[in-house]
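# Fold and contact review
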Amino acid sequence: MTALLSHPERVRLLGLTDPAAIEELRRASFDRTTATVGDTVHYRGLIELSNRCALDCLYCGIRRSNRELVRYGLDRAEAIEAALFCAEAGYGSCVLQAGERRDEAFIAFVADLVAEIRDRSRSDRLPDGLGITLSLGEQSLATYRRWRAAGAHRYLLRIETSNPALFATIHPPEQSFASRLQALDDLRAAGFQVGTGVMIGLPGQTLDDLAADIGFYAERDIDMIGMGPYLHSAGGALPEQAMMARDALLTLALNMIAVTRLSLPDLNIAATTALQALVEDGRERGIRFGANVTMPNATPRRVRPQYQLYDGKPCLDEGSLECRGCLERRVTTAGRRVGWDQWGDSPHARRRR
Ligand code: 5AD
Ligand code: FES
């Protein structure tokens, strides 16, 4: 897949700060979104299965060395109940996310869960059952194959940054860029629609890096993108001052969504929760800048406070039903409608089939 904008053009647009110029970029991206993926925004109910994690990413609040955290794992019944809520609420699909673990017990738990959810969520409205996206980190090709066979069909694995030197500054030495690339290859080999993304505003990240990230999405023929601002996390290991000033960060994050859309028009791009952590109407803004997917939280409220990858995560006190309505208002405010009861694969992924 070739990106429609050149690298220097992407750098220029990412750096826009003049409000009139930004509005022109936003408008172009919003219109391109309507033309390529339509005027609906698809929901993916986010189910945060567990905050247990074997990794130690420096930016992340649930990293292994954060000892302050009470660790939890939803049991089978709770996870299935959350997924069936998504199906009944009309979401069309869900995302099962958790910290990274590679033990057989966890792998088998997920495989069983996926099969059970697909089976029990079938209805007249959803003849194929609930769509299932996994976001469970780097796993072996065999594990990816097993989860794909169980019935999951999309997988999110962010590269975090496509600059290997920058990647090395935000991860411990044992977490390698090369193995992340291998995992992205393996996901494709296992037959998943592959989603990736980066954090925007990482300490030391340049506009050139972000423009190259879009080149990376193109080279790897990515189907869907989840990107959000880098936010400080009290449980992480990076200094608070490393976070960009909020206004500049918001501008950059929204510009990045628009420039990605204009470069790769037929992908699904998420308006992520981190945007709403940065500013109250962040997700609406993301949609106005070209996003066409959003992830209402569908995790039982009881454990939501224990799954904080960054500070200021919204929706901690709300129940899943409240997020459903709240987010629908946000989507409508942004000039879109919700694509109820659909898996909502990107046109890019549909063409591959
Ligand atoms: N700020 C923003 N995003 C974060 N993530 C983890 N920690 C942070 C943070 N401090 C994102 C990473 C990861 C995804 C699940 O959450 O990009 O891939
Ligand atoms: Fe959860 Fe608004 S989206 S309360």
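None of these values were measured; they are calculated from a predicted model. (Residues numbered from 1 in each chain as written. Chains lettered and ligands numbered in written order. Predicted model: local features only at pLDDT ≥ 70, side-chain atom pairs only at ≥ 80, totals over all residues. Heavy atoms only, no water.)

### Re the overall build of the chain
- Regarding its fold elements, the chain presents 13 helices and 11 strands.
- Its C-alpha atoms give the chain a radius of gyration of 19 Å, near enough to 20 Å, the size a compact globule of 353 residues would have.
- Along the first, second and third principal axes, the C-alpha atoms of the chain reach 50 × 45 × 40 Å.
- Buried positions account for 60% of the 353 residues belonging to the chain.
- If you take every contact in the chain between residues at least 6 apart in sequence, the share linking residues at least 24 apart comes to 76%.
- Summed over its atoms, the accessible surface of the chain is roughly 13600 Å², and 52% of this surface lies on carbon and sulfur atoms.
- Computed over 44 positive and 45 negative side-chain charges, the separation of the two mean positions in the chain equals 3 Å. (Helix = DSSP H or I, 4+ residues; strand = E, 2+ residues; numbered from the N terminus. Rg over C-alpha atoms; globule rule 2.2 N^0.38 Å. Buried < 20%, exposed > 50% of the residue type's maximum accessible area, 1.4 Å probe, protein only. Contact = heavy atoms within 4.5 Å. Areas by Shrake-Rupley, 256 points an atom, 1.4 Å probe, with all protein chains shown as cover. Lys, Arg positive; Asp, Glu negative; His and termini not counted. Charge placed at Lys NZ, Arg CZ, Asp CG, Glu CD.)

### Observations concerning the pairing of strand 3 (residues 93–98)
- Where burial is concerned, most of strand 3 is hidden: 6 out of the 6 residues are buried.
- Burial of the side chains of strand 3 extends over both faces: S93, V95 and Q97 are buried on one face and C94, L96 and A98 on the other.
- The pairing of strand 2 (residues 45–50) with strand 3 spans 5 bridges and is classified as parallel. Directly across from S50, in strand 3, lies its bridge partner A98.
- This β-α-β element, strand 2 to helix 3 (residues 76–88) to strand 3, shows right-handed connectivity.
- Bridge analysis of strand 3 against strand 4 (residues 131–135) gives 5 bridges, and the strand direction is parallel. Bridging from a neighbouring strand, L96 pairs with L134 of strand 4. (Pairing = 2+ DSSP bridges. Right-handed = clockwise from strand over helix to strand, strands pointing away.)

### Quick look at helix 5 (residues 141–150)
- Buried within helix 5 we find T143, Y144, W147 and A150. Seen end-on, helix 5 carries its buried residues on one side only, within an arc spanning 125°. The exposed set on the far side of helix 5, more than 90 degrees from its buried face, consists of A142 and A149.
- Positive phi appears at G151, one or two residues downstream of helix 5, with a value of about 125°. (Arc of directions from axis to C-beta.)

### Observations concerning the pairing of strand 8 (residues 224–229)
- For strand 8, the buried fraction is high: 6 of the 6 residues fall into the buried class.
- Two strands pair when backbone bridges link them, and strand 6 (residues 193–196) and strand 8 are joined in this way by 2 bridges, in the parallel orientation. Within strand 8, the residue paired with G195 across the bridge is M224.
- Sheet topology note: the strand 7 (residues 199–200)/strand 8 ladder contains 2 bridges and is parallel. Pairing of M199 across the sheet is with G228, part of strand 8.
- Sheet topology note: the strand 8/strand 9 (residues 268–271) ladder contains 4 bridges and is parallel. Bridge pairing in strand 9 places M224 opposite N268.
- In this fold, strand 8 hands off to helix 9 (residues 246–263), which returns the chain to strand 9; that crossover is right-handed.

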